[in-house]
Amino acid sequence: MNPLLEMRGVTKEYRGVPVVKNVDFTLLQGEVHAILGENGAGKSTLTKIMAGVVQPTAGTLRLDGHATVFATPAIALEHGVAMVFQETTLVPSMTVAQNLFLGEERFLNRLRSIYISAQQFLQSLNFPVDPTATVASLGAAKKQMVEIARAVRHKARIIIFDEPTAALTPEEKHYFFALVERLKSRGVSIVFISHALEEALDIADRITVLRDGEHIVTDATAGFDRDKIIRAMVGRSLSGELYRRREQEQVRSAGRRVLSVQDLTMGNMVRNNSFSVYEGQITGMFGLVGSGRSETARIIAGIIKRDFFYGGEVQFEGRTVRYKVPAPAVKDGIVYVTEDRKAEGFFETMPIADNLYAGLLAKNLNAGGALVNMTEMRALADSWTQTLNIRATDKNARAVELSGGNQQKLVIGKALLQKPRLVIFDEPTRGVDVGAIGEIHQFINRIADEGLAVIMISSYLPEIMNLSDRILVFRQGRVVEEFTPGETTEEKIMYAAVH
Amino acid sequence: MMGPLRRALDRFRGAGDAAITLPPMDGTIRPNQAIEMAEVVLEIDRPDNLAFDGRRVFFSSGAAVLVLDPAQAVAEAETVATFESEVTCLAADCDGNLAVGLDDGTILFGARSREVQRISDPGGRPSCPTALLLNESALIVCHGSKERSPLAWKHDLMERNASGSVWRIDLVTGTPTRLSDGLAFPYGVVLDPGGNLAVAESWRHRIIAVPRTSDGAPLPLLDHLPGYPARLSPAAGGGYWLCIFAPRSRLVEFVLRERDFCADMFREVEPDYWIAPSLSSGRSFLEPLQGGGIKQLGILKPWAPSRSYGLLIRLDANFHPIASFHSRADGTRHGVTSCVDLGGRVLAACKGGNAIVALDPGLGSGAART
């Protein structure tokens, strides 16, 4: 079969640094093709070249056998190539229907007819999105649905998804995979970037693995397993290291009780929740989306408030605390490493050093006045870049230019600069490549070994099983079960989370 | 001015001191069935006050002091002495000395070389001996309350008294020295390797370090316990054992704040049926709570709110919990008031469960890591 899209010897350089090196890629009619690789492997850049977002430095691109250059995404779309980005490109202040018909407006628009058309179209895709809702009011999953609907509406023959499932709940993922199957049955070709290897193994027909901007392997999915993919991605097998099962004797013993949460309540999200956290241990928190894990952590860190009446009690190091904002919590030694690093974790246009120094400023907000000590800032940046192995093109690279894994390390560094006694990691490896996952896991283990109390919230059971010394299972806003890794199984934990 | 205002606001919104919250039983105090599954050494009515003299284990049952040989395959208890009043505390040491406290306030000291000595009442008031400790030529005595006798502990708790004290009595001269006062029912005492005293203060749910002299305030060593602490005893290999004789519950904490309700309850209800902690429960339909109604097909769930519970906590040398042994709401071995560590085997007296059980120290929550 002739390929629908063919790339030969494609190279892309930024400031003379190649990020994609001489890559060959083919996409067949009606196939789902997964592109896998660590962060910084060149996956996004390769797909951006396909969609006309960036131009290749060298190499050729053929569509239907004809050599083509897409100067802009609009031209690519005219040729039937659409891309759904990690960050949505929707206009937040406009409604869903207006976003779907953006660029096709008539001189006189009737909103009612747009809404009716949009409603019919969204229903045909089985997307439960209200066309009259403004995009700003939608959650991440629904925004993603609108993006997909827009691509499908433009009768795209090739749709490129960049991390489409990162923000979706398990139910929404199920819908998304069903949609991919429907698109495939219509003859649409799908290019799919994901860090979730199981997803690629489930839905892709072929898999291409990139490493450091180079093409490593392309093969039918049947020829891959999890370990083979990881070996291709990082050059060695990490599967056993990352997600091995911990034995009872490897579990750290509990130190002093640092945190005691008693009958914590916040509306329907957190209900009479009680648990303790000990120093020198990693307390893993598992639960389904909406089980109240993140909300509990955010109340502890002063990001959100518990109920004013009968909201329960939080005791940190034997002292009852009630934080209204995060600053006093940081001063007392509680830091929260957010799950949404792009929105809450860093200032994306600021360099690494400035971001790290912001962490220090947060701790000593009123101590050092308004003056910034540049020498201290540079020293801190050098030291923490080395400690956390943050890789960037140069020292002055902005946070936005870092890969997901390095951005996450930056957020962790910023938090740890504040010399905390309790660190709360919320989904520390979400959207992070496997190489960086290993480094982040090592780092979390190290700080627990040094005696810090660590809370780790994760939706990924192998991660919980591998890192935690205690596992607290959340359901309907409270801890319903506690396990130690050596005595439990993934099935038991999931059973407790669901029933 | 701000203090009363804040307290009023706290009462209104259920925060601060008015928050009726309890420390969770998790981590090293995670519930298990170790006490319930433990080997029963002896079934006897209300066993209490286990004391080890290096060879034999003394204990009390009602008004009698008994002894058993832990080396025997089948334990048989032998009565050593019987008193007119119920025995409330015991202490023994390797030199063959034995001290006994009675519910009528009497404290007796017996040594091999001399006659039984009656220790004079230290405060000139009805005394309430709840725990004894022999320390060379001195006897450390915990008096739970000035108002009540040891067996009337439930009254003392529900009246929110804090009139207990710790005394050091010189056994040669008989001179009493008060080490600490104003304690909320001191119920256990142990000596650390440095010679400092640690006391379990029951109604404040904590262990405190009592200064060697009368001047100086007690220092909390472990607080926010999920139950009412009883006896402390040294553990083989360092650290201590802490017995928790009853659990705390939100209902009891609430009732403790409701003085009018308590006054009515004292007047109209038998103490056995008060909404208060208990050494055993579930034996009469007249009892309150009835397991909080958490029964399915007639089976009481282990997590049911209960007035009684069995809990023994292993503490390290810094008084931090490192392991625990439980008998939960659906169990019967409740009201653990004392224990002795025989090295590789721990005997625990379940006063509410009418049994002495032998525990394997390696089987509790968190015990594998000790």
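Caption draft 1: Region of the structure containing the sheet that holds strand S12 (residues 164–170) of chain B. All names here are of chain B. Here four strands make up an open sheet; going across it, the order is S10-S11-S12-S13 and the pairing antiparallel. In the strand order of this sheet, the two ends are held by strand S10 (129–135) and strand S13 (176–183), each with one partner. Between one strand axis and the next, the sheet turns by 15° as a mean value, whatever way the strands run.

Caption draft 2: Main features of the sheet that holds strand S12 (residues 270–278) of chain A. Residue and element names in this part refer to chain A. One open sheet holds the four strands; their spatial order is S12-S11-S14-S15, and the pairing between them is antiparallel. The outermost strands of the open sheet, each flanked by one partner alone, are S12 and strand S15 (319–321). Recorded for the sheet is a direction-independent mean angle of 20° between the axes of neighbouring strands. When strand S11 (residues 257–266) meets S12, the two strands line up antiparallel, connected through six bridges. Each bridged residue has a counterpart across the sheet, and for Leu 264 the counterpart in S12 is Asn 273. Its contacts with the sheet place helix H10 (residues 293–300) against S11, S12 and strand S14 (313–316), and it is angled at close to 115° to S11.

Caption draft 3: Spatial organisation of the nonpolar core. In terms of nonpolar packing, the biggest core is built from 136 residues, with Ile159(A), Ile424(A) and Val454(A) touching the most fellow members. The residue makeup of this core includes at least three contributed by each of domain 1 (5–242) and domain 2 (248–498) of chain A.

Caption draft 4: A look at the interface of chain B and chain A. Every contact between the two is made by 20 residues of chain B and, on the other side, 23 residues of chain A. When the residues that make up the side of chain B that touches chain A are grouped by side-chain class, the tally is seven nonpolar, eight polar and five charged.

Caption draft 5: Quick look at the environment of Asp24(A). All names here are of chain A. Relative to the elements of secondary structure, Asp 24 occurs in strand S2 (residues 17–27). Exposure remark for Asp 24: the 13 C-beta atoms within 10 Å place this residue in the partly exposed category. As for Asp 24 and Val 10, which are separated by 14 residues in sequence, their C-alpha atoms are 6.6 Å apart. In this view, Asp 24 contacts Met 7, Arg 8, Gly 9 and His 215; residues no more than four positions away in its chain are not counted.

Caption draft 6: Just the confidence of the model for chain A, in detail. With 92% of its residues at a pLDDT of 70 or more, chain A has an overall mean of 85. Per-element confidence in chain A ranges from a low mean pLDDT of 58 for helix H9 (residues 239–242) of chain A to a high of 96 for strand S18 (residues 453–457) of chain A.

Caption draft 7: Molecular detail of the packing of helix H15 (residues 404–416) of chain A against helix H16 (residues 434–449) of chain A. Residue and element names in this part refer to chain A. Put simply, H15 and H16 touch, their axes get as near as 9 Å, and they point 15° apart. The angle between H15 and H16 falls in the class roughly parallel. Seen along the crossing, H15 lies across H16 with a hand that is right-handed. Residues Gly 405, Gln 408, Lys 409 and Ile 412 of H15 pack against Gly 435, Ala 436, Ile 440 and Phe 443 of H16. The class makeup of the residues in the contact of H15 with H16 is four nonpolar, three polar and one charged.

Caption draft 8: Spatial organisation of the packing of helix H13 (residues 352–363) of chain A against helix H14 (residues 374–388) of chain A. Residues and elements named next belong to chain A. Interaxial distance between H13 and H14 falls to 9 Å at its minimum, and their mutual angle equals 100°. The orientation of H13 relative to H14 falls into the category roughly perpendicular. For the pair H13 and H14, the contacting residues are Ile 352, Ala 353, Leu 356, Tyr 357 and Leu 360 in the first and Met 377, Arg 378, Leu 380, Ala 381, Trp 384 and Thr 385 in the second. Grouping the amino acids of the contact of H13 with H14 by side-chain chemistry returns nine nonpolar, one polar and one charged.

Conventions we followed
Each residue is numbered by its place in its chain's sequence as written, counting from 1. Chains and ligands are labelled by the order in which they are written, letters from A for the one and numbers from 1 for the other. Owing to the predicted nature of the model, reporting of local features is limited to residues with pLDDT of at least 70; listing and counting of side-chain atom pairs is limited to 80 or more, with chain, interface and lining totals taken over all residues. Here, a strand pair is defined by DSSP locating no fewer than two bridges between the strands. Note on conventions: DSSP H or I runs of at least 4 residues are helices, E runs of at least 2 residues are strands, and numbering of each starts at the N terminus. Only the stretch in contact is used when fitting a helix axis, every axis being a line fitted to C-alpha atoms; angles between N-to-C directions are given from 0 to 180 degrees. What counts as a contact is two residues whose backbone-derived C-beta atoms lie within 7 Å of each other. A set of buried Ala, Val, Leu, Ile, Met, Phe, Trp, Tyr and Cys residues, joined through C-beta atoms within 7 Å, is what we mean by a nonpolar core. Exposure is read from a count of other C-beta atoms within 10 Å of each residue's own; the residue is exposed at 12 or fewer, buried at 20 or more and partly exposed in between. C-beta atoms are placed from the backbone. Start and end positions for the domains come from either an automated domain assignment or a database one. For this classification, the nonpolar set comprises Ala, Val, Leu, Ile, Met, Phe, Trp, Tyr, Cys and Pro, the charged set comprises Asp, Glu, Lys and Arg, and every other residue, Gly included, is treated as polar. Confidence scores here are pLDDT values: one per residue, from the predictor, ranging 0 to 100. Here is the rule for angles: anything less than 35 degrees is roughly parallel, anything more than 145 is roughly antiparallel, 65 through 115 is roughly perpendicular, and the remaining ranges are oblique. Crossings are classed by handedness, with left-handed meaning an anticlockwise turn of the near helix from the far one by less than a right angle and right-handed meaning a clockwise turn.

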